[in-house]
Amino acid sequence: MVIQLNTRFKAQGKKPNWCPGCGDHGLLSATIKTVEKKGLLPNEVVITSGIGCSSSFPHWTSAYGIHAIHGRALPPAIGVHMANPELTVISVGGDGDGYGIGGNHFIHTARRNPNITYMVMNNQIYGLTLGQASPSSQLGHITTTTPEGVEEEPINPIALALGAGATFVARAYTRDSKHLQMIIDKAMDHRGFAFVDVISPCVTFNKLNTYEWFNKRVYKLEDHDTSDPSAAFGKAMEWGDKIPLGIFYQIDRPTLNDKNPVTRNKIPVKEPLGFNAQNIDMEEVFDEFR
Amino acid sequence: MSDKNSKLPIKRFSIRYGGSAGDGLQSTGRLIQKYFNKLGYSVFGFPGTQSTIRGGHIWQHIEFAVDKIFNFSQELDLLIALNTDTLLTHSKDLKDGAILIYDTSRVKLDNYQELLDSKNIKLVGGELFRYARDINKTSTVLAMTISTAAMLRLLGLSTDEFIDTIRKRFVNKEKIIEFNIQAVKKGVEFMNANLGTVFSCEIPEKKDTRDIVVNGNEAIALGAVASGLKFLGQYPITPASQIMMYLSKHSEKFGVVVKQAEDEIAAINMVIGASFAGVRAMTATSGPGISLKTEAIGYAAMTETPLVIVNSMRGGPSTGIPTKMEQSDLMSSIYASHGESPRVVLAPKSIEDAYYITIRAFNLADKYQLPVFILSDFGLSERTSNVTPFVEKKIERGLIWTGPTEKFPVFKRKQITENGVSPRAFPPTVGGEYILVGAEHDEFSNSLSGNRCGLPLSQEIHEKMTRKRFRKLDYLQEELREGEFYGEDNADHTIICWGSTYGAVKEAIDYLNTNTDNTWNMLSFTDIHPLPKRTLKLLERINHPIMFEVNFTGQFAGLLQMYFKYSVDDRIMLLGGEAPTASFISKEAMKWRNK
Ligand SMILES: Cc1ncc(C[n+]2csc(CCOP(=O)(O)OP(=O)(O)O)c2C)c(N)n1
Ligand code: SF4
Ligand SMILES: [Mg+2]
């Protein structure tokens, strides 16, 4: 019996259950197009996510996936990546998932620089739980939990990622699929932690930050030195009348697996199990205890 | 000095060092145990630690004997006091006629003089820290070496092997070795000027031993490597940190990726990812960490992801008593997480058992695709003893799908089978692509949340899948160890215990059978959950059960009641945070003697 090698990333017989017009459709199709263009095969790719509308993403692909618990898209991605560095690992999720409940993992994953692409479908709202404020909700936004408007300053994911040490930081917009595909392509080519804040409007619960609202504001970064951290931070602070899209920052730094004493030389999943199988002299190990 | 014939013969000897954090009690303690190991004695060490880096009061117990020691003794033959708190904490445990070596500048005897006199304690005072400073101005740790050498003189044991052990420990650090050699000399002189040699130690038959002196955490770490561990995700916490520290030190050599995570939640979720990718993976923590991992434990059970979780218990809720012992996280290990999630809980009874249970834990996790707890505690994780070198055991990875077979032509990650176990595929296996998902799912691991939730089909699937997940426990319990009796057959009284208290209870049973008119035995458990169904047969052999567990609510007794409607009315409880000893248990057990 032989299994047909699948080259198509789109899940067969399953359709995303996102609302018509939801930005997440845009990231899904742009991702599928990009990975297929890159010649990757579904069996070589693992997509991890947390919980939220956006986090159902892996189910609509034919790749391997981990639909983890809320906020925990990144830790399992690190586990996969270190157990088998040969796999391509992509993590996705929502703004609540990645900037709220999973914020700690976001910071520390950036700092670790694993060779993982992390794309956050930022709709500035909790979609799945019916429209509560999220960490990226706009100041004053009236939501189901903020009748007088959001009181807290929204998180700045670009500046946060820069500050945490991410080596690739970008923003894209699901309405501009070509640009989005270009950013995904570059993010996946990047050796290290590639973070993309993807503007992905929620048409059902966010009536403030709509496509119209963004269409008037977004522009593409040009003449921007992506190797200059001050320039990157400068552009990161821009949000309001003008919202920059593109790569804010990209540098080369050794990755998590480059530095780890095991993964720098070995692919753990391919190594034999136990002392003897690995040619480790147990007597020598025990000598420390004598 | 007295002549050889008048010396006190000894078979077993208990020593306690008390001092401040930073005095080097634990590190020197290990050296001394290695020394006794070398001479062929059985050794047992136990630390009394605080959450203190400098100062405070900490202690180190060391005991050696010709016969195997199963637990440290409450009563002391020798107390070495480097601060006054040592007397506050330990003088009550001195045996009649025991010896006290103390630092005259730091230890104030005043309040204890009466007690010491009443027990006829032999006092050996000296300026131990000054002697140390005379050798090396900046070192206080040498006071430990000086008092140890004094002790060896007292025991009439040679200091040569002790110096060898020091040389080995500080290889290439000539200065340190030199200082220690001087300290040994000083210690011997000091004792010669005082009591000289008082004892005559029985010489063990075992010579040139290959035994190793390890603690429970090291045994677990070694067991994990022998099992093929490739990924450890952990966040530091007493008393589990040593597992990560030991494996980090040898990470490259052992081929184990050690990731210190940002928190316990990240640690276990990394482990889930690693296990999904096909390696054997483990996380280790204590109660507070388990609380944080709770949601992910349920996820692992739901997604049928094999993983090993070391839960080394400390005491009390919240921060509790972080460097002390309690067996109060049994229920949380069995039930932590919402919904109903199958898992296995194994509680090792000794250091050897910690190693071999770890291997069993990995095999059970893989074969039955669920989380397996190794339930240790401070009393086991941090005790040291010499054990026969560990050997490797068979590794069983369970049902792994690498391509179509007659039985499994199409890969269904959650295929419903007779024993509930489904095939597992690792990326990049072609045809094995699936999504691991915590929402209820069908045989292909397609999520039922969202649009399919609540449809008649989904109701049926949730029931089938719940039964499938729990069916694994029915099959698995056949493989588990049942409780083990020790002591007199058909005894008047049976002490029931579980996990690390095994050694203390065993010594108590021996004591009770020799020193009371009643007959005693014990029934000890290591495989706690799921409790094998045949356990009831064992319980029916008991005349009068007495439950001993180191917790307030009687958690294991509760399980016996719940699963077998078996009631244990009489209990021995210990809540001070210190690990149990045979004398405590026998004293308490005797209260039930006439029942
Ligand atoms: C521990 C936990 N808390 C709360 C929830 C409920 N919950 C599910 S999704 C979600 C918010 C999702 O928001 P976001 O990540 O922005 O995703 P979106 O739906 O907007 O794409 C919440 C609070 C949960 N699943 N788990
Ligand atoms: S509720 Fe919003 S985020 Fe969720 S699917 Fe609909 S549009 Fe998308
Ligand atoms: Mg959102």
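Residues numbered from 1 in each chain as written. Chains lettered and ligands numbered in written order. Predicted model: local features only at pLDDT ≥ 70, side-chain atom pairs only at ≥ 80, totals over all residues. Heavy atoms only, no water.

1. A closer look at the overall build of chain B
The helix and strand tally for chain B stands at 20 helices and 23 strands. Relative to the globule expectation of 25 Å for 595 residues, the C-alpha radius of gyration of chain B, 26 Å, shows essentially globular dimensions. Seen through its principal axes, chain B has C-alpha atoms that stretch 90 × 60 × 40 Å. Evaluated residue by residue, chain B yields a buried proportion of 64% over its 595 residues. Pairs at least 24 apart in sequence give 75% of the contacts found in chain B among residues at least 6 apart. Taking the 70 positively charged and 68 negatively charged side chains of chain B as two groups, their mean positions are separated by 4 Å. (Helix = DSSP H or I, 4+ residues; strand = E, 2+ residues; numbered from the N terminus. Rg over C-alpha atoms; globule rule 2.2 N^0.38 Å. Buried < 20%, exposed > 50% of the residue type's maximum accessible area, 1.4 Å probe, protein only. Contact = heavy atoms within 4.5 Å. Lys, Arg positive; Asp, Glu negative; His and termini not counted. Charge placed at Lys NZ, Arg CZ, Asp CG, Glu CD.)

2. Topic: the coordination of the magnesium ion (ligand 3)
All names here are of chain A. Looking at the magnesium ion (ligand 3), one finds its protein donor set to be Asp95 (OD), Asn123 (OD1) and Ile125 (O), positioned 2.1 to 2.2 Å from the metal centre. Look at where the donors of the magnesium ion (ligand 3) fall in the sequence and you get D-x27-N-x1-I. With Asp95 in helix α3 (residues 95–101) and Ile125 in the loop between β4 (117–122) and α5 (157–164), the pair connects residues that are 30 residues apart, well separated along the chain. The class of Asp95 is buried, set by a relative accessible area of 2%. Residue classification places Ile125 among the buried positions, given a relative accessible area of 2%. (Donors = N, O, S within 2.8 Å, 3.2 Å for Na, K, Ca; no water.)

3. Here we look at the site of ligand 2
As a matter of local geometry, ligand 2 sits amid Trp18(A), Cys19(A), Cys22(A), Cys53(A), Asn123(A), Cys202(A), Val203(A), Thr204(A) and Phe205(A). Taken together, the residues of the shell around ligand 2 sort by class into seven nonpolar, two polar and no charged. (Near = heavy atom within 4 Å. Nonpolar A, V, L, I, M, F, W, Y, C, P; charged D, E, K, R; others polar.)

4. Some remarks on the domain arrangement of chain B
All names here are of chain B. One can read the domain layout of chain B as domain 1 (4–209), domain 2 (217–384), domain 3 (399–479) and domain 4 (484–590). Centre-to-centre separation of domain 3 and domain 4, based on C-alpha positions: 40 Å. In this complex, domain 3 contributes five residues to the contact, which on the side of domain 4 involves six residues. Summed over both partners, the interface of domain 3 with domain 4 comes to about 420 Å²; 48% of that surface belongs to carbon and sulfur atoms. The interface formed by domain 3 and domain 4 holds one salt bridge in total. At the boundary of domain 3 and domain 4, one finds two residue pairs in polar contact (both at pLDDT 80 or more). (Domains from an automatic or database assignment. Buried area = accessible area lost by both parts, 1.4 Å probe. Salt bridge = Lys/Arg side-chain N within 4 Å of Asp/Glu carboxyl O. Polar contact = N/O pair within 3.5 Å; in protein donor to acceptor, adjacent residues only side chain to side chain.)

5. Concerning the interface of chain A and chain B
Taken residue by residue, the interface counts 62 residues in chain A and 74 residues in chain B. A buried area of about 5500 Å², summed over both sides, lies between chain A and chain B, and 63% of it is on carbon and sulfur atoms. Area buried by chain A at its contact with chain B is led by Tyr64(A), Phe289(A) and Arg290(A), which between them contribute 15% of it. At the junction of chain A with chain B, the criterion picks out five salt bridges. Taking the shortest distance from any N to any O, the salt bridge between Glu252(B) and Arg264(A) comes out at 3.2 Å. Linking chain A with chain B are 27 residue pairs in polar contact (both at pLDDT 80 or more). Mapped by element, the contributors of at least two residues to the side of chain A that touches chain B are β2 (64–67), α2 (74–83), α4 (103–112) and α10 (282–287) of chain A. In terms of residues, the side of chain A that touches chain B owes the most to one element, α2(A), which gives seven residues. Two elements, β2(A) and strand β17 (residues 435–437) of chain B, share three bridges in a ladder whose sense is parallel. (Pairing = 2+ DSSP bridges.)

6. What to know about the pattern of salt bridges
Tallying each qualifying case throughout the model produces 44 salt bridges over all chains. Residues Asp77(B) and Lys95(B) are paired through a salt bridge, measuring 2.9 Å at the closest nitrogen-oxygen approach. Note that Asp77(B) is positioned in strand β5 (residues 76–81) and Lys95(B) in strand β6 (residues 94–103), a separation of 18 residues in sequence. Look at Asp77(B) and you get buried, because its relative accessible area is 14%. A salt bridge links Glu484(B) to Lys349(B), with the nearest nitrogen and oxygen atoms 2.8 Å apart. Residue Glu484(B) is found in strand β18 (residues 484–487), and its partner Lys349(B) is found in the loop between β14 (344–346) and α14 (351–368); the two are separated by 135 residues along the sequence. Accessibility expressed as a relative area gives 34% for Glu484(B), which makes it partly exposed. Classification of Lys349(B) by relative accessible area gives buried; the value is 16%. Here the salt bridges do not stand alone but share partners, grouping Lys37(A), Lys38(A), Asp185(A) and Asp189(A) into one network.

7. Observations concerning the packing of aromatic side chains
According to the stated counting rule, one finds 40 aromatic pairs over all chains in the structure shown. A centroid spacing of 6.1 Å and a plane angle of 40° characterise the contact between Tyr118(A) and Phe195(A), whose relative ring orientation is tilted. Taken together, the positions of Tyr118(A) in strand β4 and Phe195(A) in strand β6 (residues 194–199) put the pair 77 residues apart, joining distant regions of the chain. In terms of burial, Tyr118(A) and Phe195(A) fall into one category: buried. Clustering of aromatic rings is evident, with ring pairs tying together Phe13(B), Tyr35(B), Phe36(B), Tyr41(B), Phe64(B), Phe162(B) and Phe199(B). Positioned above the aromatic ring of Phe70(B) is the side chain of Lys506(B), whose terminal nitrogen or guanidinium carbon lies 4.4 Å from the ring centre. (Phe/Tyr/Trp six-rings, centres within 6.5 Å; stacked < 30°, edge-to-face > 60°. Lys NZ or Arg CZ within 6 Å of the ring centre and 35° of its normal.)

8. Points about the side chain of Asn217(B)
Residue and element names in this part refer to chain B. Tracing the backbone through its elements, the reader meets Asn217 in helix α8 (residues 216–226). Classification of Asn217 by relative accessible area gives buried; the value is 1%. Of note is the side chain of Asn217, whose polar atom sits 2.9 Å from the side chain of Gln242.

9. Description of the environment of His141(A)
Residues and elements named next belong to chain A. Topologically, His141 is positioned in the loop between β4 and α5. C-alpha separation for the pair His141 and Leu208, spaced 67 residues apart in sequence, amounts to 7.4 Å. Apart from residues no more than four positions distant in its own chain, His141 is found in contact with Gln124, Ile125, Thr146, Gly149, Val150, Asn206, Leu208 and Asn209.

10. Considering the sheet that holds strand β22 (residues 545–549) of chain B
Residue and element names in this part refer to chain B. Spatially, five strands are ordered β18-β20-β19-β22-β23 in an open sheet, and the strand pairing comes out mixed. Because the sheet does not close on itself, it has two edges, and the strands there are β18 and β23 (570–573). Adjacent strand axes in the sheet meet at a mean angle of 25° when their direction is disregarded. Running at roughly 170° to strand β20 (residues 520–525), helix α17 (residues 502–515) makes contact with β18, β19 (493–498), β20 and β22 of the sheet. Packing of helix α20 (residues 582–590) onto the sheet brings it into contact with β19, β20, β22 and β23, and relative to β23 it is tilted by some 150°. (Axes fitted to C-alpha atoms, helices over the stretch in contact; angles between N-to-C directions.)

11. Quick notes on the packing of α17(B) against α20(B)
Geometry of a packed helix pair, given as the angle between the helix axes and the separation of the axes. Residues and elements named next belong to chain B. Between α17 and α20, the least distance of the axes is 8 Å, while the angle of their chain directions is 55°. Between α17 and α20, the crossing angle belongs to the class labelled oblique. In this structure, α17 crosses over α20, and the sense of that crossing is right-handed. Contacts between α17 and α20 involve Ala504, Val505, Glu507, Ala508, Tyr511 and Leu512 from the former and Ala582, Ile585, Ser586, Ala589 and Met590 from the latter. Considering only residue class, the contact of α17 with α20 consists of nine nonpolar, one polar and one charged. (Parallel < 35°, antiparallel > 145°, perpendicular 65-115°, else oblique. Left-handed = near helix turned anticlockwise from the far one by under 90°.)

12. Topic: the sheet that holds β17(B)
Strand order in the open sheet made by the nine strands is β7(A)-β8(A)-β5(A)-β6(A)-β4(A)-β3(A)-β1(A)-β2(A)-β17(B), with mixed pairing throughout. The sheet terminates laterally at β7 (218–220) of chain A together with β17 of chain B, the two strands that pair on one side only. Averaged over all pairs of adjacent strands, the angle between their axes in this sheet comes to 20°, without regard to strand direction. Contacts from α2(A) reach β1 (45–49), β2, β3 (88–94) and β4 of chain A, with the element oriented near 175° to β3(A).

13. Here we look at empty space enclosed by the protein
Residues and elements named next belong to chain B. Evaluated as defined, the whole model comprises four cavities of 30 Å³ or more. The volume enclosed by the largest cavity comes to roughly 50 Å³. Lining the largest cavity we find Ser275, Phe276, Thr303, Glu304, Thr305, Pro306, Arg413, Arg424, Ala425, Phe426, Tyr434 and Leu436. Residues of the lining of the largest cavity, tallied by class, amount to six nonpolar, three polar and three charged. (1 Å grid on protein atoms, 1.4 Å probe; cavity = no way out; pocket = protein on both sides within 12 Å on 5 of 7 lines; lining within 4 Å. Points joined across faces, edges and corners; volume = space filled by probe spheres on them.)

14. Looking at the environment of Leu457(B)
All names here are of chain B. Tracing the sequence through the fold places Leu457 in helix α16 (residues 456–476). Exposure remark for Leu457: the relative accessible area of 45% places this residue in the partly exposed category. Put simply, Leu457 and Asp442 are 15 residues apart on the chain and 9.6 Å apart in space, counted from C-alpha to C-alpha.

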